Amino acid sequence: MSDNLETLYQQPEEAVIARIRALRDELGERVLILGHHYQREEVFAFADVSGDSLKLAQQAAATDVPHIIFCGVHFMAETADILTGDHQSVILPDPAAGCSMADMADGAQVTDCWAQLAGVLNPDAEVTPVTYINSTAELKAFCGDHGGIVCTSGNAERVVRWAWGERGKILFFPDRHLGENTALAMGIAPAEMVLWQPGKPLGGNTAEQLKAARLILWDGFCSVHQLFQPEHADTMRQQHPGIEVLAHPECSRAVCEVADFVGSTEMIIRHVDEAPAGSKFAIATDLNLVNRLRLTHPDKPIWFLSPMVCMCSTMFRTDPQHLLAALEAIAAGEPGNRIIVPKAVAEPARRALQRMLDLG
Ligand code: SF4
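Let me begin by describing the structure that accompanies this report. (Residues numbered from 1 in each chain as written. Predicted model: local features only at pLDDT ≥ 70, side-chain atom pairs only at ≥ 80, totals over all residues. Heavy atoms only, no water.)

What about the overall build of the protein?
Alright, step 1. In terms of regular secondary structure, the protein is built from 17 helices and 13 strands.
Alright, step 2. Relative to the compact-globule value of 21 Å for 360 residues, the protein shows a C-alpha radius of gyration of 21 Å, a close match.
Alright, step 3. Viewed in the frame of its principal axes, the protein has a C-alpha envelope of about 65 × 55 × 35 Å.
Alright, step 4. The buried share of the protein, reckoned over its 360 residues, is 56%.
Alright, step 5. For the protein, the computed accessible surface area is about 14,400 Å², with 51% contributed by carbon and sulfur atoms. (Helix = DSSP H or I, 4+ residues; strand = E, 2+ residues; numbered from the N terminus. Rg over C-alpha atoms; globule rule 2.2 N^0.38 Å. Buried < 20%, exposed > 50% of the residue type's maximum accessible area, 1.4 Å probe, protein only. Areas by Shrake-Rupley, 256 points an atom, 1.4 Å probe, with all protein chains shown as cover.)

This is the structure we're talking about:
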């Protein structure tokens, strides 16, 4: 831990918050703070723009401010850096804020998968690679180089439809659940999908299975959302008759099948916003977001779907002390913890992101 951070942890939290407020005012339009919905409340309160990955990526692409502080995780800051100009800096307050799902697929593994597919079919003519935005810049670059695209949980269906329009098969990584839930909602049969397990020959499939499949799902998942179980929905329905179960599509197929509504964080928020007073919800996504919805909708009883705490620990790493340290570094003219994607990776990655943004 840096000396500065250590000093900040010794100060009372109110002093840290007051200093953030003062510096935020002082830096004015030189800084934009983007905050993901899963951020803790004390940090989220300082977000100039809040949203899910899609909204924040669009915001990063549209802004010209010199410094963007991304209160989120590493892949989000990478995406912002790819979409912003060289004169802008993108700062991740805690560089250790990663994503366990993004770590489940790397460039070498996906390149190896593509090479193995080439032994069975002609992937550059038959397979569109689609990466969830929760992935490294390297994987976005892979998609850019191979006619592929990026998706988010908010636009997955539109992107997947586009990808099938390009080529007959899709290789979807790293989240098997988002790929599977999206395809099922589009009417694709389970028999048309196979799972690619990295490290196994042909991902654990036969050549015939790969030739027949329309969707090849990478065996990755979110360690937070996989904790929700369908029995949690049963329990909630028994305890609170009339309750609606809302699930994020990173949850397993079994959970999404029993949910009343499946959607991205933005969709879940809109669904709750638009519901009449008295509506009851049990929500399967990160606890910080569920707690915030509870606070902002006192007229609508809201429960967390799981009896266990499911919170993204890496999102939680960004605390007021890290945010203050980032602001202080900018004020001193030395922005720290910059996320810089090398040009050779950023250019093809931007192509894949732009394809997504062009879909609207
Ligand atoms: S909630 Fe899951 S997918 Fe989202 S950042 Fe955390 S680990 Fe990654």
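Let's talk about the pairing of strand 9 (residues 215-218)
Alright, step 1. Burial along strand 9 is two-sided: the face carrying Leu215 and Leu217 and the face carrying Ile216 and Trp218 are both buried.
Alright, step 2. Inspection of the sheet shows strand 8 (residues 193-196) paired to strand 9 by four bridges, in the parallel sense. Residue pairing across strands places leucine 195 opposite leucine 217, the latter belonging to strand 9.
Alright, step 3. Note that the unit made of strand 8, helix 11 (residues 207-212) and strand 9 has a crossover that is right-handed. (Pairing = 2+ DSSP bridges. Right-handed = clockwise from strand over helix to strand, strands pointing away.)

Examining helix 17 (residues 343-358)
Alright, step 1. Over its 16 residues, helix 17 runs 21 Å from end to end, which matches the ideal 22 Å to within 8%, given 1.5 Å per residue.
Alright, step 2. Of all the positions in helix 17, only Ala346, Pro348, Ala349, Ala352, Leu353, Met356 and Leu357 are classed as buried.
Alright, step 3. At its buried positions, helix 17 is contacted by helix 4 (53-62), helix 5 (74-83), helix 8 (137-145), strand 6 (149-151) and helix 9 (156-166).
Alright, step 4. Just beyond helix 17, the residue with positive phi is glycine 360, at close to 95 degrees. (Expected span 1.5 Å × (residues − 1). Contact = heavy atoms within 4.5 Å.)

Here's the deal with the side chain of threonine 84
Alright, step 1. With respect to the element layout, threonine 84 can be found in the loop between helix 5 and strand 4 (89-91).
Alright, step 2. Residue threonine 84 is classed as buried on the basis of its relative accessible area of 8%.
Alright, step 3. In terms of polar contacts, threonine 84 uses its side chain to reach the backbone carbonyl oxygen of alanine 80, at 2.8 Å.
Alright, step 4. Within polar-contact distance, the side chain of threonine 84 engages the backbone oxygen of aspartate 81 at 3.2 Å.
Alright, step 5. Residues contacting threonine 84, with those up to four places away along its chain left out, are Ala60, Ile68 and Val90. (Polar contact = N/O pair within 3.5 Å; in protein donor to acceptor, adjacent residues only side chain to side chain.)

Details of unusual backbone geometry
Alright, step 1. Backbone torsion omega between phenylalanine 173 and proline 174 reads -10 degrees, so that peptide bond is classified as cis.
Alright, step 2. Here proline 174 shows up in the loop between strand 7 (169-173) and helix 10 (176-185).
Alright, step 3. Phi at leucine 202 is positive, roughly 50 degrees, even though this residue is not glycine.
Alright, step 4. Relative to the assigned elements, leucine 202 resides in the loop between strand 8 and helix 11.
Alright, step 5. Phi angles above zero are rare outside glycine, and asparagine 337 is one such case at about 50 degrees.
Alright, step 6. Among the structural elements, asparagine 337 can be located in the loop between helix 16 (320-331) and helix 17.
Alright, step 7. Of the residues examined, asparagine 337 reaches a relative accessible area of 37% and is grouped as partly exposed.

Notes on the site of the ligand
Alright, step 1. Taken together, Tyr38, Val73, Cys99, Ser100, Met101, Asn134, Cys222, Glu250, Cys312 and Met315 make up all the residues around the ligand.
Alright, step 2. Within the shell around the ligand, the residues separate by chemical class into seven nonpolar, two polar and one charged. (Near = heavy atom within 4 Å. Nonpolar A, V, L, I, M, F, W, Y, C, P; charged D, E, K, R; others polar.)

So, the side chain of glutamine 39
Alright, step 1. Within the secondary structure layout, glutamine 39 lies in the loop between strand 1 (31-36) and helix 3 (41-44).
Alright, step 2. What glutamine 39 contacts, discounting residues up to four positions off in sequence, is Phe44, Cys71, Gly72, Asn288, Arg292, Met315 and Thr318.

Re the pairing of strand 10 (residues 244-247)
Alright, step 1. Across four bridges, strand 10 lies against strand 12 (residues 281-284) in parallel orientation. Residue pairing for strand 12: glutamate 244 is matched across the bridge by phenylalanine 281.
Alright, step 2. Sheet topology note: the strand 10/strand 11 (residues 261-262) ladder contains two bridges and is parallel. Each bridged residue has a counterpart across the sheet, and for alanine 247 the counterpart in strand 11 is valine 262.
Alright, step 3. Of the crossover connections in this fold, the one passing from strand 10 over helix 13 (residues 253-258) to the parallel strand 11 is right-handed.

Description of the nonpolar core
Alright, step 1. With 104 residues, the main nonpolar core has Leu117, Phe172 and Ile283 as its most contacted residues.
Alright, step 2. The residues touching leucine 117, leaving out its near neighbours within four places in the chain, are Pro123, Leu171, Trp196, Leu210 and Ile216. (Core = buried A, V, L, I, M, F, W, Y, C linked by side-chain atoms within 4.5 Å.)

Keep in mind that these numbers describe shape and distance, not what the molecule does.
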